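Okay, here's what each chain looks like letter by letter:
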Amino acid sequence: MPKNRLSWARIALAALLVLLVSSCYHRPHRYSSLLLQRSTPQTDTLSFYALHHYTVNYNFLVKTDSLSLMVQQPEEMLGCLPTDTFTVHKGDRLVVADFRMLSQDPTDSVWVQVATAARRFGWIHESALLPSVVPDDPISEFISVFSDTHLLIFLIVICIISAAYLIRKLRRMDAPIVHFRDIHSFYPTLLTLLVASAATLYASIQTFAPDVWRYFYYNPTLNPLSVPIILAVFLTLVWLMLIVGVAVLDDVRAQLPVGEAIVYLSGLAAVCAVDYIVFSITSLYFVGYLLLVFYFWYAIRQYLRHGRIVCVCGQCGAPLQHKGRCPHCGAIND
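Cut-offs applied
The numbering scheme is per chain: residues are counted from 1 as the chain's sequence reads. Predicted model: local features are reported for residues with pLDDT of at least 70 only, side-chain atom pairs are reported and counted for 80 or more only, and whole-chain, interface and lining totals are derived from all residues. In computing side-chain properties, one takes all heavy atoms of the structure into account and sets aside hydrogens as well as water. Only runs of H or I of at least four residues qualify as helices and only runs of E of at least two qualify as strands under DSSP, and these elements are numbered from the N terminus. Each residue's exposure class comes from its accessible area (1.4 Å probe, protein chains only) as a fraction of the maximum for that residue type: buried when under 20%, exposed when over 50%, partly exposed otherwise. By definition in these notes, contact holds between two residues if any of their heavy atoms fall within 4.5 Å. What sets the accessible areas is the Shrake-Rupley method with a 1.4 Å probe; for residues, cover comes only from the shown protein chains. Note on definitions: the grid is 1 Å and covers protein atoms alone; a cavity is a set of points where a 1.4 Å probe fits but cannot get out; a pocket is an open set with protein on both sides within 12 Å along at least five of seven lines; lining residues have an atom within 4 Å of a point. Grid points are joined across faces, edges and corners, and a volume is the space filled by probe spheres set on the points. Residues are grouped as follows: Ala, Val, Leu, Ile, Met, Phe, Trp, Tyr, Cys and Pro are nonpolar; Asp, Glu, Lys and Arg are charged; all remaining types, including Gly, are polar. N or O atoms within 3.5 Å of each other form a polar contact, as long as, within protein, one can give a hydrogen and the other can take it, and as long as residues adjacent in sequence are counted only when both atoms are side-chain atoms. Only Phe, Tyr and Trp rings take part, Trp by its six-membered ring, and two of them pair if their centres are within 6.5 Å. Stacked means planes under 30 degrees apart, edge-to-face means over 60, and tilted covers everything else. Within this scheme, the nonpolar core is defined by two criteria: the residues are buried Ala, Val, Leu, Ile, Met, Phe, Trp, Tyr or Cys, and they are joined through side-chain atoms within 4.5 Å. Throughout this description, the term salt bridge denotes a Lys or Arg side-chain nitrogen within 4 Å of a carboxyl oxygen of Asp or Glu. Directions drawn from the helix axis to the C-beta atoms are what define this arc. In this scheme, strands are said to pair when DSSP sees at least two bridges between them. Expected helix span is taken as 1.5 Å per residue step, with the number of steps being one fewer than the number of residues.

**Student:** Break down the overall build of the protein chain for me, citing the residues and quoting the values.
**Tutor:** Each helix and strand counted, the protein chain has 11 helices and 11 strands in total. The 334 residues of the protein chain split such that 41% are buried. Long-range contacts, defined here as pairs at least 24 residues apart, represent 61% of the contacts in the protein chain between residues at least 6 apart. For the protein chain, the exposed surface amounts to about 18800 Å²; the carbon and sulfur share of it is 65%.

**Student:** Describe the layout of surface pockets, and please don't skip the residues or the numbers.
**Tutor:** In this approach the atoms are scanned with a rolling probe the size of a water molecule, which exposes any empty space left behind. Looking at the largest pocket, its volume works out to about 990 Å³. Mapped by element, the contributors of at least two residues to the lining of the largest pocket are helix H5 (138-145), helix H6 (149-172), helix H7 (187-208), helix H8 (210-218), helix H9 (229-255) and helix H10 (258-282). Sorting elements by how many residues they give to the lining of the largest pocket places H9 first, with six residues. Residue composition of the lining of the largest pocket, by class: 27 nonpolar, one polar and no charged.

**Student:** Can you lay out the side chain of Gln72 for me, pointing to particular residues and giving the numbers?
**Tutor:** For Gln72, the location among the structural elements is in the loop between strand S2 (66-70) and helix H3 (74-78). In terms of polar contacts, Gln72 uses its side chain to reach the backbone amide nitrogen of Asp84, at 2.6 Å. Beyond its immediate chain neighbours, meaning those up to four positions away, Gln72 contacts Pro82, Thr83, Asp84 and Trp123.

**Student:** Tell me about the packing of aromatic side chains, and please be specific about residues and values.
**Tutor:** One pass over the structure, following the stated rule, counts 18 aromatic pairs. Residues Phe48 and Tyr54 carry aromatic rings whose centres are separated by 5.4 Å and whose planes lie at 90° to one another, so their mutual orientation is edge-to-face. For the pair Phe48 and Tyr54, a shared accessibility class is recorded, and that class is buried. Taken together, a centroid distance of 5.1 Å and an interplanar angle of 80° make the contact between Tyr202 and Trp213 edge-to-face. On the criterion of sequence distance, the pair formed by Tyr202 in helix H7 and Trp213 in helix H8 is long-range, its members being 11 residues apart.

**Student:** Would you mind going over the nonpolar core in detail, with residue names and values included?
**Tutor:** Counting residues in hydrophobic clusters, the biggest one holds 64 residues, and the most contacted among them are Tyr54, Phe60, Leu67, Leu94, Leu129, Trp213 and Phe234. The element contributing the most residues to this core is H7, with 11 residues. Each residue touching Trp213, except ones within four places of it in the same chain, is listed here: Ile143, Tyr202, Ile205, Gln206, Leu231 and Phe234.

**Student:** Tell me about the pattern of salt bridges, residues and numbers included.
**Tutor:** One pass over the full model with this rule turns up three salt bridges. Of the charged contacts, one joins Asp136 and Arg93 as a salt bridge, the two residues approaching to 2.9 Å between their closest N and O atoms. Of this pair, Asp136 sits in the loop between strand S7 (133-135) and H5 while Arg93 is found in strand S4 (residues 93-101), placing the two residues 43 residues apart along the sequence. Among the residues examined, Asp136 registers a relative accessible area of 22% and is labelled partly exposed.

**Student:** Lay out H5 with the relevant residues and their values.
**Tutor:** Of all the positions in H5, only Ile139, Ser140, Ile143 and Ser144 are classed as buried. All buried residues of H5 fall inside an arc of 135° around its axis, so they share one side. Seen from the buried face of H5, the exposed residues on the opposite side, beyond 90 degrees, are Pro138 and Phe142. At the N-terminal end of H5, a side-chain oxygen is found 2.9 Å from the backbone nitrogen of Ile139, two or three residues along, and the residue is Asp137.

**Student:** Could you give me a rundown of the environment of Ala118, with the residues and numbers involved?
**Tutor:** Positionally, Ala118 belongs in the loop between strand S5 (110-116) and strand S6 (121-125). Note: C-alpha distance between Ala118 and Leu94 (24 residues apart in sequence) is 9.9 Å.

**Student:** Explain the pairing of strand S1 (residues 59-62) to me, using residue names and the numbers behind them.
**Tutor:** Here S1 runs beside S4; their pairing, made up of three bridges, is antiparallel. By the bridge assignment, Phe60 is partnered in S4 with Leu94. Examined bridge by bridge, S1 and S7 share three bridges and lie antiparallel to one another. Within the sheet, the bridge partner assigned to Phe60 lies in S7 and is Pro135.

**Student:** I'd like to hear about H7, residue by residue, with values.
**Tutor:** The end-to-end C-alpha distance of H7, which contains 22 residues, comes to 31 Å, matching closely the 32 Å that a straight helix rising 1.5 Å per residue would cover. Summarising burial for H7: 18 of the 22 residues are buried, a large majority.

**Student:** Hey, could you go over the pairing of S5 for me, with residue numbers and the actual values?
**Tutor:** In terms of burial, S5 is a largely internal element, seven of the seven residues being buried. Burial along S5 is two-sided: Val110, Val112, Val114 and Thr116 facing one way and Trp111, Gln113 and Ala115 facing the other are all buried. The sheet contact formed by S4 and S5 spans seven bridges and is antiparallel. Across the sheet, residue Leu94 finds its bridge partner in S5, namely Thr116. Bridge count for S5 against S6 is five bridges, and the pairing is antiparallel.

The structure is reproduced here in structure tokens:
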């Protein structure tokens, strides 16, 4: 099989595997049975789910060191009656058993009753519960970890310093690096553009449609066909990054020795990390949209200047960016 046909076959296989994985991950809707008969409690449950995106039987995981739950009913605490509490700890699983709306509560009108694995039941304000738990799903846990402000600031500082050092060193070594001295493949440039676009869209969802992102946080899926259109576009970009990433690995492996390939991929990862940080932050202040247009123009221009194959050597067939002496065999190409 020709080399380029083999490369496309691997990309097609990777795309097929991605589609299979995304369709297998789709979680069945837990609340579809509530639509069959609408009694008053069921109507309340549906209304609560529409506003809060979780309801009875929803599973949480405790992420703080400890969380106190009240044994008695919320009305007893509001009536200044004595109450008891018990503590759950980090890593404990909780399931929502009930909820109650108490407009007379000055702290928070929403109370949530949760049950532990030991079948103990306790009440807590929603405003105290949600910051201390995370939905029991790996995607939600990933989002929660990377939404932590302190961790985010630390990662931003480390990524920018590391990327600046690595890119500067690669340019001094005259090593291949995306946007500056690229390999003969458009896939690395395409990967950086996808990362920048996904980061911009991510920030746009949080700015203009925060409730849509909240819905995705509590009901995560990898299937772009089962979510609102703006989330479908975001998930499609994520899957495209994975598919193009496979194509990048294939082209880098074919064009560079192992040592140079590792250095090139490290530089590409650094550029992608900077793209994510810059566009996800600047888009929150609307500067990122103009910056994205400029970045598309710059990245494509750099590829056309440095990464595109203009001709090949007439003697050995090696790719050349311009006519003249072939650096591989020394033949003169006019």
